[in-house]
Structure formats: structure tokens, C-alpha cells
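# Descriptive structure summary
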Amino acid sequence: MTRENPPVQDADETELEVESPRGWAAGIPGVLHSMQPAVKHMGAVRTGKTLLNLNQKDGFDCPSCAWPDPGHRSNFEFCENGAKAVTWEATPVVIGSDFWAEHPISDLLARSEYWLGMQGRLTEPVYKAAGEDHYQPISWDAAFAVLAERLNGLDSPDESAFYTSGRTSNEAAFEYQLFVRAFGTNNLPDCSNMCHESSGWAMGQTIGIGKATVAYDDYAKADLIIVMGQNPGTNHPRMLTALENCKRNGGSIVAVNPLPEAGLKRYKNPQHTRGIVGHGTDMADQFVQIRSGGDMALLQAVCKRVFEAEAKNPGTVLDHDFLQTYTHGLDELRTHLEFLDEETVLTATGLRSEEIDELAARYIAADKVIITWAMGITQQKKGVATIKEIINLLLLRGNIGKPGAGASPIRGHSNVQGDRTMGIWEQMPPAFLDALEEEFGFDPPRKHGVDAVETIHKMLTGEIKVFVALGGNLVAAISDTHTAEAAMQNTQLTVQISTKLNRSHAVVGREALILPTMGRTEIDRQASGVQFVSVEDTVCAVHASTGQVEPVAPNLLSEVAIVSRLARAVLGTTVPVDWKGFEDNYDVIRDHISHVVDGCEDYNTKVRREGGFVLPNGPRDSRTFSTPLGKAMLTVNDLEYVERPAGTLILQTIRSHDQFNTTIYGHNDRYRGIKKGRHVVFVNPDDLAELGLEDSQIVDVHGQYKDGRDRVLRQYRLVSYPTARGCAAAYYPEANVLVPLDHMAEGSKTPVSKAVVVRLELSAVQQVAPASPEVTPALL
Ligand SMILES: Nc1nc2c(c(=O)[nH]1)N[C@H]1C(S)=C(S)[C@@H](COP(=O)(O)OP(=O)(O)OC[C@H]3O[C@@H](n4cnc5c(=O)[nH]c(N)nc54)[C@H](O)[C@@H]3O)O[C@H]1N2
Ligand SMILES: Nc1nc2c(c(=O)[nH]1)N[C@H]1C(S)=C(S)[C@@H](COP(=O)(O)OP(=O)(O)OC[C@H]3O[C@@H](n4cnc5c(=O)[nH]c(N)nc54)[C@H](O)[C@@H]3O)O[C@H]1N2
Ligand SMILES: [Mo]
């Protein structure tokens, strides 16, 4: 097979341009931008088959974010970034057999994520033998044989870890966790460990379920939506339509963010004439420009004001009936907040008291309130406690379990929530393991497995020897890049089941395998005919997804087929599971899901209904809270915020408008005014002045962590930007070199990617670092 298009050159960071940030999102440029790359790479027919079938009834689910589909879909139910995701996957550009001889691993190590991803789709399994610098094509059977021999040669199944990224379908995820547990370990780290784990922890403990308590229609019914730590204009663009619906129905929106993100200011909806030709819809009625990590203090201060308002006008502010019937802990919370010190709150938040008064007044005036959040909240040291404060605030006025109100963590990957529902978690509860045992007749391991950070630790110590990844790019996605890379290279075998090349294919163990897979856009033919898969969105709606275009190469296997063959090679007939039957007909997997996963009874029928079905949700449906007391828990959390010694800044790592996690589509961050480059650090102009620095100077960013290690991001261009005072921002994944591996959220152990204390120093060389990563000699 040969390449259809030549490989693109890497970006040249020296051409980086900076313009003023934009004050609005989407509109005509959004639509045009979304069509451009597709038509260029795929031609009109493949473009039509993919983009017009995106999120349609019989089409496939968008492989980008987890935002839900509305009941009434327009013909263009996709956004600019969904289109980029589809184009990136459905591109006919492929990596041919000649590629591997031309590009040894030492060459791949020196390439940027952008270059790697742009080489095209992976088309055949390849293997790197111990001591070799090259991958070589290998047959599928030989690849599974290598893997089976290494796994079965381990002293214990716990010497292996099986990672999952959130694009994997419910069918593949269910089968994968079944295989891993039948093999004998719960070592199932996933991308969620680095993402919404804090939400799962906090919500599980307080309301008994780690998922949103709202349905799609609730956004339009809300009187107030508070959007915290989230940039929907870039990361969940279709959410702007839901926010717009809320505003058009008379609701209001508050954005809590250190950055004035364009999508939260004004939205020009490309699906309405008024959006295309007019001014668009003004979004946030109040912008609360919070200091990084200050949300916990803000939420406590708002709760305190709610109690004070109730004290002034007893019986009018708190929802007494609700609190009495459904919650526990009201008095303790009230007493705790009496001691909250306003000065501490103002330091922690960087806000004025009046701004907090305004937010509290808005909250009290609204009957139905939704609070949504994403990574600005979860990837904080106090992320779990902060989300518990969100729950406190909602509970005080009965904002859980009624229309137009609720807690709404907005998930990242398109099926990250479904993967968890299907059992991808290192700590699945005993009831799930019991159900597996009953259904399949083997004894699943009960000891908890490792999460993503623990996996890295155990690779470093040599306790984990084989690493298998069903999608994703762990080495780039996890914190402390250099440590993570050393860990990955300390393993015996790394295996990546992927659609495209990324850094995790270059930073490998002694031996390595790449197993290419089909993507969600592609037609999946098996022995019983064309298959569909299913996914769950951020509001617990499950639906089918059917690929529409021919697979990009004949030798690709679906994820289900790969896991099925892997299981057969490793386990033989030691467990009574019909892996071949799974591969031949995905209905067989869904029948098992029906028996094992709560809420999925009769899965094959329900998932075939138009629009699928919504999973049961106690808090949302009936104010049922499955906590040990059977009540929603108001909790008392000791306030903490990020300390910032003089001369330092709190740096957060964010996504540009041209990336999906570690996948870099391009080098423009349109809304923030950055063009042709990514090596920038955004700093408030007053902080720049205070630090004696100027816009466009080139600096080295040094992490300031208690372990004293000098973690550095070299030669980044300063961009004077209206972020909150004392805060800075740089793009993920590059900035992961600065996040220490043990800098984790309490409880959830999510890396604290949004608050790293840093010091800026002028670089010796006043030139932006090249796009290719810095390669430490140890890696070669
Ligand atoms: N196009 C596109 N879509 C995506 C993704 C992508 O990379 N590209 N990734 C997907 C994934 S996996 C996820 S998890 C989501 C991520 O979606 P987001 O969470 O929106 O992604 P981030 O870019 O990390 O943005 C974090 C936001 O939190 C703000 N923030 C940072 N620190 C704080 C703080 O202390 N307090 C408050 N209140 N705000 C803060 C930042 O300024 C920023 O606006 O998007 C998903 N969708
Ligand atoms: N500093 C910092 N670090 C972060 C974050 C942050 O905000 N800041 N965010 C964290 C978050 S929220 C997340 S979710 C993680 C993301 O971590 P991951 O999910 O591990 O990373 P992705 O970049 O989404 O993975 C992209 C790769 O998945 C593969 N892929 C794409 N589609 C498919 C498919 O259909 N099947 C298979 N098998 N493979 C496929 C491709 O090879 C692609 O290169 O990163 C985390 N890391
Ligand atoms: Mo995520």
C-alpha cells in the first residue's frame, strides 16, 4: 500500500504570530473552517458520507467530545472541531510498509505530535524486537502470539496494565475489561483518571452517582447556568447552542474562569440566520475572573451568603422541604461556614466581595440552576472538595432532581462515560464483579488495580512489565513527561491499539507492537454482517453508532475483533467465554451487557430505538441518593487554595482550538489570537510589568515544586493576555513536562494540570523552541 499524499512538514514555530483575542465564537468562519480540511483531504464524496452522517439518526457518533445530541437534529449536527476529528480519522492518507524502514524509532522520537498524526492512518501491525530501532510489519497472528507469550510468561497478571482512552465503544470496552479480569488483574487505568475522576469521587460520595443529574432539555429550562472551569467554545462547541437556548428562554449565564474565553462572551450560531448575519447572542451575564484554584473559596463564600440571606428572611431562601427529606449535614455546614474568613476568600479568589455578592444574588433569585464544570475544576489539588462544594450549593436550594436544575460535569472523550459504565475502572464495585462472575463463571480478581499515575510509578520500579493501550497516548497525556517516558522505556513490552501514530509509539518498551484499528467512521463488517457499536454521552444517553465509509485499508481489524483475538491467544479455552462469537456478532456482547450492567437490561432492543435510551439516574429521576445514609450529603471541607510565593505565577495547561488532547490538528488558536505556533505562555500584563518582563520576550518556564527538581519548558514566547492576576497558561500536552507526577488531586489522584507554580526566566537564546520535542539522550 502506498501513501496518497506526501507527509506534511513539521510546523515552524519561528513563524508564530500573535493577534488580539476574539470576543465571540463560531458563526460563518466556524462552518467554513469545518469544511475546509475535509474537502481538501477526503474529496467531496467521503466528506459528504462522513460529515453529513455525523450525529445523525443512522449515522455515527462524533468521535470528538461527549456533548449530547438534541432530540431535533439539524442536517449539520456537528461543529468545527467535530469536523476536524472526523477528517483526521477518515483521511485516506495512510502509512505504507516503506514508512517503517525510512523512519527508525529514533527518528519518530524527534518528531512532534503534529507530524506524527499527519503521517496518515496506520494500516498493518508492526513489531519492534528487543535491541532494534525499527518497527517491522508482522502478521496479525504473529502479533497476537508475541503478546500472548509475554503476558503468559509474567509471574503475575498484576505485572501488566491495560489502559483505555475514551473513544472506545461500549462493546469493545465491555469485552476488554472482561478479558483483562479473566486474565487476572484489575489493572485498568484509563484517561478518566486524568480527567473527570474528581467528579466521580465527589459526586459518588455526596449524591451516590458520578454522573450528570441533568438531561439535554434541562439546559433550555434553567434560569441560571453557572459554567465553571470550562471552555465550551473550543471543547464542547455544540454546548453553546444549549446555552443560547437557555438565554433565549430568559435564563442567564455566569462564567467562572481565569480566562475570558470567547465562547462564553458571545456566540454566533452557524445554524441560524441570526447567528450568521447578526451580532449573535451575548453569553455570560456575569464573568467571574477567578484566580486559579480559587473556586472552592468562591463556592463556600456563595453558600455562606445563601445562609445569611436565609437568616435575614427565614423560610424564603433555603429549600427546607427538600433539605429535610433528602439531605444530611445542613447544620454542620452552616456552622462551618460561619467561620469562613472573607479576607481569605478574597485572597484565594482574587475577586472583590461585590462580585461574590452578585453571584450569590443571582443564585438566590433563580429557581432552577445548573452548574456545569470541566477540567478547570477537576484537575486541581482540591478538585474533589471543590465539586463537593458545588453539590452543597445546589442542594441548599433543591437544585437536584427537578427540571432545569442539576449538577453537570461535562465529559471529555466521546465515550469516556460509557467505558466506565462498561467496567473500565481499576476499582469497580463488588456488585459489578459479582455480576461478571455469575454471567461468565470465572472468579474475577477483587484487589483494586492501578490508575494512570500508579501505572507510571510501577513501570519505573519494574513492577509493571507489559503495557497495553486500547487507544490514547498515555506518555504524552500523563504528567511529568520525562519521568513518564523513562517509565515506559523501562517495560518489557508496550502495545498500542491505535488509529494513528503518536508519541506513545515512539517511547516504547524493550519490545513494542502497534496494532492498527478501524475508527468509528468506518463500516465494520463481521461474519454476521455489518455491525454497529454504542456509546454514552455526558447526560447518560446511550445510542448506536454505525460507520459510513469504507475502512481506509483492508488489513484493519475493529477494536472488538482485536480484543477478541487477543483474548483467544492469551486465554485459550481456560475461561468459558465465546470470544469468537463476540467478534462475529456484537449482539452477543450486548446480550451479556444486558445481564451484567445495571440499567442496560434488554440492551439490544433499547439501543436500536431511534435516539437510543437514557440510563437510570437516581438523583435526577426520583431524588434517590444511594449513599450509605440514603441521603444526599452536605459536606464540610477545609478551605485550601494555591499559595503563590513572590515572583511566581500559577500556570494552567489548556487546549488550543486546533487540537484534541494530544492530537494536534494545526497551529492556530483562533479565539485567543495565536497563529502558526504553540510555544507560548499567556501572562497578565500587570504581572509581566511586575516581573520586569515584556510581551514577545522568550522565557524558560521553571516549575517550583517541593521535590526541588528543575522541570523546565524552554524558549516559550510571552503573550500579554487578560488572564486573572497571578495566573499563566500554556498548552497541553507540551507543558506536561512541568506537572510533577505526585502533584495530584486529593482522593481522585488526578494530576493537578491546572495549577503548577512556576517562575519565568529570560531564555539565553531569544528564539522560540522548535516544534520537535526536546529528546533526552537516555531516550535514544
Ligand atoms: N476540540 C476539542 N474538544 C475537546 C477536547 C480537545 O482537546 N479539543 N478534549 C476533550 C476532553 S478529553 C476534555 S476533558 C474536555 C476538556 O474541556 P475543558 O475543560 O474546557 O478544557 P481545557 O482546555 O482544559 O480548559 C479548562 C478551562 O478551565 C479554565 N480554568 C483553569 N483553571 C481554572 C480554575 O482554577 N478555576 C476555574 N473556574 N477555571 C479554570 C481554563 O481557563 C479553561 O477555560 O474537552 C473535550 N473536548
Ligand atoms: N497537562 C495536562 N495533561 C492532561 C490534560 C490537561 O488538561 N493538561 N487533560 C487530561 C485529559 S482530560 C485526558 S482525557 C487525557 C487524554 O489522554 P488520551 O485519551 O490517552 O489521549 P488522546 O490524545 O485523546 O489519544 C489520542 C490517540 O488515540 C488514538 N485513537 C484515536 N481514535 C481512536 C480509536 O477510535 N480507537 C483507538 N484504539 N485509538 C484511537 C490515536 O492513536 C490518537 O493518537 O489527557 C490528560 N492530560
Ligand atoms: Mo478528558
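Residues numbered from 1 in each chain as written. Chains lettered and ligands numbered in written order. Predicted model: local features only at pLDDT ≥ 70, side-chain atom pairs only at ≥ 80, totals over all residues. Heavy atoms only, no water.

In the annotation of an unreviewed UniProt entry, the chain is listed under the name Formate dehydrogenase major subunit and assigned to Glaciihabitans tibetensis.

The next point concerns the overall build of the chain. Scanning the chain from N- to C-terminus turns up 30 helices and 31 strands. In summary, the chain has a C-alpha radius of gyration of 25 Å against a globular reference of 28 Å for 780 residues, a match within 12%. Counting only C-alpha atoms and orienting by the principal axes, one finds that the chain spans roughly 75 × 65 × 55 Å. Looking at the chain residue by residue over its 780 residues, the buried ones come to 64%. Sequence-distant contacts in the chain: of pairs separated by 6 or more residues, those separated by 24 or more amount to 78%. Of the side-chain charges in the chain, 73 are positive and 100 negative, and the distance between the mean point of each set is 3 Å. (Helix = DSSP H or I, 4+ residues; strand = E, 2+ residues; numbered from the N terminus. Rg over C-alpha atoms; globule rule 2.2 N^0.38 Å. Buried < 20%, exposed > 50% of the residue type's maximum accessible area, 1.4 Å probe, protein only. Contact = heavy atoms within 4.5 Å. Lys, Arg positive; Asp, Glu negative; His and termini not counted. Charge placed at Lys NZ, Arg CZ, Asp CG, Glu CD.)

Near ligand 1 there are 31 residues, and of these Asn-257, Glu-261, Gly-293, Asp-295 and Asn-661 occur at the shortest range. Taking Asn-231, its main chain carries an N or O atom lying 2.8 Å from an oxygen atom of ligand 1. Here ligand 1 has 920 Å² of accessible area as a free molecule, and 99% of this is covered by the chains. Contributions of two or more residues to the shell around ligand 1 are made by helix 10 (232-235), helix 18 (375-378), strand 23 (649-654) and strand 24 (659-660). (Near = heavy atom within 4 Å. Polar contact = N/O pair within 3.5 Å; in protein donor to acceptor, adjacent residues only side chain to side chain. Areas by Shrake-Rupley, 256 points an atom, 1.4 Å probe, with all protein chains shown as cover.)

To continue, consider the pairing of strand 19 (residues 533-536). The side-chain alternation of strand 19 yields two buried faces, one formed by Val-533 and Val-535 and the other by Ser-534 and Glu-536. Where strand 19 and strand 20 (residues 541-545) come together, 4 bridges link them in antiparallel fashion. Looking across to strand 20, one finds that Val-535 is bridged to His-543. The loop that links strand 19 with its antiparallel partner strand 20 comprises 4 residues; one of these, Cys-540, has a positive phi angle of about 70°. (Pairing = 2+ DSSP bridges.)

Another aspect to go through is the site of ligand 2. Near ligand 2, the surroundings consist of 31 residues, among which Tyr-163, Ala-477, Glu-559, Thr-662 and Tyr-732 are the closest. The separation between a nitrogen atom of ligand 2 and a polar side-chain atom of Arg-167 is 3.1 Å. Here Ile-497 contributes a backbone N or O atom positioned 2.9 Å from a nitrogen atom of ligand 2. A total of 930 Å² of accessible area belongs to ligand 2 in isolation, and the protein chains cover 97% of it. Classifying every residue of the shell around ligand 2 gives 10 nonpolar, 16 polar and 5 charged. (Nonpolar A, V, L, I, M, F, W, Y, C, P; charged D, E, K, R; others polar.)

With that settled, consider the sheet that holds strand 28 (residues 698-703). Strands sit in the order 23-30-27-29-28-31 around a closed barrel of 6 strands; the barrel is mixed. Recorded for the sheet is a direction-independent mean angle of 45° between the axes of neighbouring strands. Sheet topology places strand 28 next to strand 29 (residues 712-720); 4 bridges connect them, and they run antiparallel. Bridge pairing in strand 29 links Ile-698 to Arg-717. (Axes fitted to C-alpha atoms, helices over the stretch in contact; angles between N-to-C directions.)

The next subject is the packing of aromatic side chains. Within this structure, the stated rule accounts for 19 aromatic pairs. Centre to centre, the rings of Phe-99 and Trp-100 are 5.1 Å apart; their planes meet at 85°, and the pair counts as edge-to-face. When its relative accessible area of 0% is taken as the criterion, Phe-99 is described as buried. On the basis of relative accessible area, Trp-100 is assigned to the buried category, the value being 2%. Of the aromatic side chains, those joined through ring pairs into one cluster are Phe-99, Trp-100, Trp-115 and Tyr-135. Residue placement shows Arg-590 over the ring face of Phe-532; its charged tip is 3.9 Å from the ring centre. (Phe/Tyr/Trp six-rings, centres within 6.5 Å; stacked < 30°, edge-to-face > 60°. Lys NZ or Arg CZ within 6 Å of the ring centre and 35° of its normal.)

It is worth spelling out the pairing of strand 27 (residues 680-683) at this point. On strand 27, burial covers both faces: Val-680 and Phe-682 on one face and Val-681 and Val-683 on the other are all buried. Strand direction decides the pairing type here: strand 27 and strand 29, joined by 4 bridges, are parallel. Looking at strand 29, one finds that Val-683 is bridged to Ser-720.

What follows deals with the sheet that holds strand 21 (residues 613-614). Read from one edge of the open sheet, 3 strands run 19-20-21, paired in antiparallel fashion. The open sheet terminates on both sides in strands that have one partner only, identified here as strand 19 and strand 21. Across 2 bridges, the pairing between strand 20 and strand 21 is antiparallel. Note that in strand 21 the partner of Val-542 across the bridge is Phe-613.

This part is about the UniProt feature "domain: Molybdopterin dinucleotide-binding" (unreviewed entry) in the chain. Mapped onto the present numbering, the UniProt feature "domain: Molybdopterin dinucleotide-binding" (unreviewed entry) falls at residues 649-755. Structurally, residues 649-755 comprises 7% helix and 34% strand, and the distance from its first C-alpha atom to its last is 9 Å. (UniProt positions renumbered as here; feature names shortened; annotations may be inferred.)

On the surface, Asp-591, Asp-598, Glu-601 and Asp-602 cluster together into a negatively charged patch. As for its placement among the helices and strands, Asp-591 is situated in helix 27 (residues 586-596). (Patch = residues over 30% accessible without salt bridge, like charges linked within 9 Å, V, L, I, M, F, W, Y side chains within 5 Å. Salt bridge = Lys/Arg side-chain N within 4 Å of Asp/Glu carboxyl O.)

Attention now goes to the side chain of Thr-635. Secondary-structure assignment places Thr-635 in the loop between strand 22 (632-633) and strand 23. Judged by its relative accessible area of 14%, Thr-635 is buried. At 3.2 Å, the side chain of Thr-635 forms a polar contact with the side chain of Asn-637. With near-sequence residues (within four places) excluded, Thr-635 lies in contact with Thr-206, Leu-333, Lys-388 and Asn-392.

A word on the environment of Pro-444. Here Pro-444 is to be found in the loop between helix 21 (430-440) and helix 22 (452-460). Counting along the chain gives 15 residues from Pro-444 to Pro-429, while the straight-line C-alpha distance between them is 12 Å. Here Pro-444 is in contact with Arg-181, Leu-433, Leu-436 and Glu-437, once residues within four sequence places are set aside.

Glancing now at empty space enclosed by the protein. All told, the structure shown has 3 cavities of 30 Å³ or more when counted by the stated rule. In terms of residue class, the lining of the second largest cavity is built from 5 nonpolar, 3 polar and 4 charged. (1 Å grid on protein atoms, 1.4 Å probe; cavity = no way out; pocket = protein on both sides within 12 Å on 5 of 7 lines; lining within 4 Å. Points joined across faces, edges and corners; volume = space filled by probe spheres on them.)

Its 14 residues place the ends of helix 19 (residues 383-396) 20 Å apart at the C-alpha level, agreeing with the 20 Å of an ideal helix rising 1.5 Å per residue. Note on helix 19: the residue one or two positions beyond its end, Gly-398, has a positive phi of about 65°. (Expected span 1.5 Å × (residues − 1).)

Here the focus is the environment of Leu-240. Tracing the backbone shows Leu-240 in helix 11 (residues 239-248). Leu-240 has contacts with Ala-25, Pro-232, Gly-233, Gly-263, Tyr-267 and Met-283, leaving out every residue within four places of it along the chain.

What follows covers the pattern of salt bridges. In the structure shown here, the tally under the stated rule is 53 salt bridges. The partner of Glu-80 in a salt bridge is Arg-670, with the nearest N and O atoms 2.5 Å apart. In this pair, Glu-80 sits in helix 2 (residues 80-90) while Arg-670 sits in the loop between strand 25 (663-664) and strand 26 (674-675), placing the two residues 590 residues apart along the sequence. For the pair Glu-80 and Arg-670, a shared accessibility class is recorded, and that class is buried. Here Arg-590 and Asp-587 are joined by a salt bridge, their closest N and O atoms 2.8 Å apart.

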